[in-house]
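# Structural overview
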Amino acid sequence: MAVRATVTRFPIDSDAQEACGIPWGLTVTPFAAKDENGQAPVYGSDGHLLPRCENCYAYFNTYCELDQWAWNCSLCGTLNGLSSEAIARYSRPQSCAEMMSSFVDLEFPLEGSEEEILHARPVYVAAVDLSSSEEFLELTKSALQAALEALAPESLFGLATFSHKLGLYDVQGPIPVVKNVFIPQDAEGTLPIELEDVMPLLQFLAPVDTCKDRITSALEILRPTTSWERTPPGTGQELDGVLMGGRGFGMAMEALCNYLGSEYGNTFALARVFAFLSGPPDHGPGQLDTRRYGEQYASKGEDADRALLPEQTPFYKDLAAVAVQAGVCVDIFAVTNEYTDLASLKFLSIESGGSLFLYSNTDDSTLPQDMYRMLSRPYAFNCVLRLRTSTEFKPGHSYGHFFPDPQYENVQHIICCDSYATYAYDFEFANNVGFSRHSSEQPMVQIAFQYTIVVPPEELPGSELLSSSRGKHSIKRRLRIRTLQYGTARNLNELYDSVDPEVVLSLLVHKVILASLEEGVREGRMLLHDWLVILTSQYNEAFNLIQYKNGSSSIMGQLDVTFSQCPQLQPLPRLVFALLRNPLLRFHEEGVHPDYRIYVQCLFSALEPSSLHRAIYPVLTSYSTPDKQAYPRHSLSRAALITSGSPIFFLDAYTTLIVFYSSTADPSLPFPPPHDCLLRSTINKLKQERCITPKLIFIRGGQDDASVFENYLIEEQDVNGTGLTSVMGFVSFLEDITQSVLEYMK
């Protein structure tokens, strides 16, 4: 569990918080194997016996004062009695994890019979769009072949297809058999028959170890639905065999969630549905009107950046709630360049703990690699995340891909959580008093993460391997707790010195996404610009860099917009500049596709701070040869390239990796870099650490089209990837901020 705060020394009170201009909060990556310093948790047992405060329900931890019969809660100060069992337990402190570390992972007893616990099996269902092209289906088949290689042998796998009908495949017999149910065209329609009556669930879900070849055979027979098939005769819709519509995605997803939900807790503890989509749902319940994207906004005078961000129907948000209840996590893989309205569809994936992937074409898609990568890494499911604080402050907003508990505040349900998934919180003071300046009691934060994992048989202790259960996966329930103590800043200088700019960026991204969704992209941009102006003003006042002449509004002294006296704040102007030039906040008329914007929102709002930093302001490194690094970091400008004199540059933009050989590079340097060199091993290491597969591009300056690389050099005047000459470079941006600060301070 990695936890990073925007400031490691908290503001002393609400006045200090207001005066500093820095967002106050933290990010948490709960299923990360280690903390932000590389420390693993201390493992222990009997999580259900861990004492809890009777006032605030916080868990006992190493910061609590303990005497023979009682303990003081480190969060709220309440004195709690100890049970005789706990007294005996804590008389041997070295025997229990919670006495040894403030970061613990404790086993929790599972409800249910031993038989159920030992025979739980992971369930995966592929839902494939047949209202598609041959190329789409070939790519999807490759992705599912990769998935079958990554899945544990005793996993259960189901294959379903959708178009104007929903198909269930029985792959357990000698030849694959498909049974179809027609999806009503009406948006209010329902399936004529329950899926359980079409095919019993255990007939549909096939064991991967014994049926892998048959699943492959079933994949081979998948064919796109032709326009002739989609036209039931006599409906009056023949029109040369072309029926408008035929992708009944909404109904298919709803039916599959209900189908799987009937066995939730019996046959399986988690089901993952992989939905492969080649265009917008346009048939039956959940159909979307994609005419809202196009020229009509120009004529109506509506703000396209605002109109295309909210969902047009609550259908998929409501369906996400059904999926959460059914223990189903939905991953959506959209392979399309037509408008699909991901703004409406995204809720089904992000609220059920899944991911949203977008690929603009089938030619260079990394879908198979992403599929294999996603299923190869460990993940937790049926998770509950809870953040508690000491009494002086409290969580404000929470951000991330979760389902908020309808009853309890600051409790999030996460159906599926991998080691990359990151969530954010901001804080506010509970009252006007703030933290005591003289007290030894420091601000405390406790994060509790209860989760379930499937443990392979080789990881179980020998005594747990009953002869009847050899080779079976087992389910484990665990409680991971991290308790942190923070200092307080006595003044603004101390507070600024404790800033973590990457975490500040994370919170800013969450806030501007929220503002964009509610008020439009223009509002998101203004929020970000104004934030930097206010921060710059408050920093200049805090460091006494400016004085007001004779009490008037004219300012003496040199305004410092680069934060030259505070290294921790220096990256922020560049990060804000880069964020304003990111597709997340660029205008619709600059050529940002609304679906791509939604995809970027979903990706960025789940990244941990260091990854997000690269995605927004890429890392540019130079090499003198493929085996020797020259400089570890350059600014994103042509000037940096020219002045460095290096022949090779490597740009890491998180989703894209670019190796660029300058036009003046020695022709004897091997291109592309050889597989056994330092640059290649750096690239391979970065690819291994990513949650998605980055695209790798090699460019030879002077011979290849270098525009892909040059578009990332955003600090130059007129370079932002659109050719719009009105866009300012970084120097002009700082001048603009200077003017805005002077206006603000008058």
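Residues numbered from 1 in each chain as written. Predicted model: local features only at pLDDT ≥ 70, side-chain atom pairs only at ≥ 80, totals over all residues. Heavy atoms only, no water.

The subject of this paragraph is helix H18 (residues 571-580). Most of H18 sits inside the fold, with 8 of its 10 residues counted as buried. Buried within H18 are the following residues: Leu572, Pro573, Leu575, Val576, Phe577, Ala578, Leu579 and Leu580. On its buried face, H18 sits against helix H16 (501-519), helix H17 (521-542), helix H20 (609-616) and helix H24 (730-745). (Buried < 20%, exposed > 50% of the residue type's maximum accessible area, 1.4 Å probe, protein only. Helix = DSSP H or I, 4+ residues; strand = E, 2+ residues; numbered from the N terminus. Contact = heavy atoms within 4.5 Å.)

Under the defined criterion, the tally for this structure stands at 35 aromatic pairs. Both rings, one in Phe577 and one in Phe733, keep their centres 5.3 Å apart while their planes meet at 55°; by these two values the pair is tilted. Taken together, the positions of Phe577 in helix H18 and Phe733 in helix H24 put the pair 156 residues apart, joining distant regions of the chain. Relative to Phe709, the ring of Phe660 lies with its centre 4.3 Å away and its plane at 15°, an arrangement referred to as stacked. In this pair, Phe660 is assigned in strand E30 (residues 656-661) and Phe709 in helix H23 (residues 707-710), connecting sequence segments 49 residues apart. Members of the aromatic cluster, connected to one another through ring pairs, are Phe10, Trp24, Phe393, Phe427, Phe429, Phe435 and Tyr486. Above the plane of the ring of Tyr379 lies Arg272, whose end atom (NZ or CZ) is 4.8 Å from the centre. Directly above the aromatic system of Phe587 lies the positively charged group of Arg525, at a separation of 5.1 Å from the ring centroid. (Phe/Tyr/Trp six-rings, centres within 6.5 Å; stacked < 30°, edge-to-face > 60°. Lys NZ or Arg CZ within 6 Å of the ring centre and 35° of its normal.)

Moving on, we get to the packing of H16 against H18. Orientation of H16 relative to H18, taken along the N-to-C sense of each, is 30°, at an axis distance of 11 Å. Considering their axes alone, H16 and H18 lie roughly parallel with respect to each other. Crossing handedness for the pair H16 and H18: right-handed. Across the interface between the two elements, Pro501, Val504, Leu505, Val509 and Val512 of H16 pack against Pro571, Leu572, Leu575 and Leu579 of H18. Per-class residue counts for the contact of H16 with H18 are 9 nonpolar, no polar and no charged. (Axes fitted to C-alpha atoms, helices over the stretch in contact; angles between N-to-C directions. Parallel < 35°, antiparallel > 145°, perpendicular 65-115°, else oblique. Left-handed = near helix turned anticlockwise from the far one by under 90°. Nonpolar A, V, L, I, M, F, W, Y, C, P; charged D, E, K, R; others polar.)

Scanning all chains against the criterion turns up 4 cavities of 30 Å³ or more. Its volume calculated, the largest cavity comes out at about 420 Å³. What lines the largest cavity is a set of 28 residues, among which Gly354, Ser355, His401, Asp418 and Ala606 lie closest to the centre. Listed by contribution, the elements that provide at least two residues to the lining of the largest cavity are strand E16 (356-359), strand E20 (411-418) and helix H19 (594-604). Among the elements that line the lining of the largest cavity, the one with the most residues is E20, at 4 residues. (1 Å grid on protein atoms, 1.4 Å probe; cavity = no way out; pocket = protein on both sides within 12 Å on 5 of 7 lines; lining within 4 Å. Points joined across faces, edges and corners; volume = space filled by probe spheres on them.)

It is worth spelling out the pattern of salt bridges at this point. One pass over the full model with this rule turns up 23 salt bridges. Close ionic contact of Glu494 with Arg9 constitutes a salt bridge, the shortest N to O distance being 3.4 Å. Here the residue Glu494 occupies a position in helix H15 (residues 492-497), and Arg9 occupies one in strand E2 (residues 9-10), the gap between them amounting to 485 residues. On the accessibility criterion, Arg9 (33% relative accessible area) is partly exposed. Ionic contacts of the salt-bridge type, sharing partners, join the residues Arg4, Asp500 and Glu502 into one network. (Salt bridge = Lys/Arg side-chain N within 4 Å of Asp/Glu carboxyl O.)

The next subject is the state of the cysteines. When the sulfur atoms of two cysteines share a covalent bond, that bond is a disulfide. Scanning the entire structure with this criterion turns up 0 disulfides. Free of any disulfide, Cys76 has its nearest cysteine sulfur in Cys53, 3.5 Å distant. For the unlinked cysteine Cys416, the closest cysteine sulfur is that of Cys329, found at 4.3 Å. (Disulfide = S-S within 2.5 Å.)

Sheets are built from strands that pair by backbone hydrogen bonding, the pairs being arranged parallel or antiparallel. With respect to topology, 7 strands assemble into an open sheet ordered E4-E8-E23-E22-E17-E20-E19, the strand pairing being mixed. The open sheet has two edge strands, strand E4 (42-44) and strand E19 (403-404), and neither has a second partner. For strand E17 (residues 379-389) and strand E22 (residues 444-455), the ladder comprises 7 bridges, and the chain directions are antiparallel. Note that in E22 the partner of Leu387 across the bridge is Ile447. (Pairing = 2+ DSSP bridges.)

Turning our attention to the side chain of Thr488. Of note, Thr488 is situated in strand E24 (residues 487-488). Overall, the relative accessible area of 15% leaves Thr488 in the buried class. Leave out the neighbours within four places in its chain, and Thr488 touches Arg9, Phe10, Ile12, Phe435, Gln442, Pro443 and Glu494.

What follows is about the sheet that holds strand E3 (residues 25-29). Pairing in this open sheet of 4 strands is antiparallel, and the strands run E1-E3-E21-E18 from one edge to the other. Looking at the sheet topology across the chains shown, the edges are occupied by strand E1 (2-5) and strand E18 (393-399). The mean inter-strand angle of the sheet, taken between neighbouring strand axes irrespective of direction, is 25°. Pairing analysis gives 5 bridges linking E18 to strand E21 (residues 423-429), with the strands arranged antiparallel.

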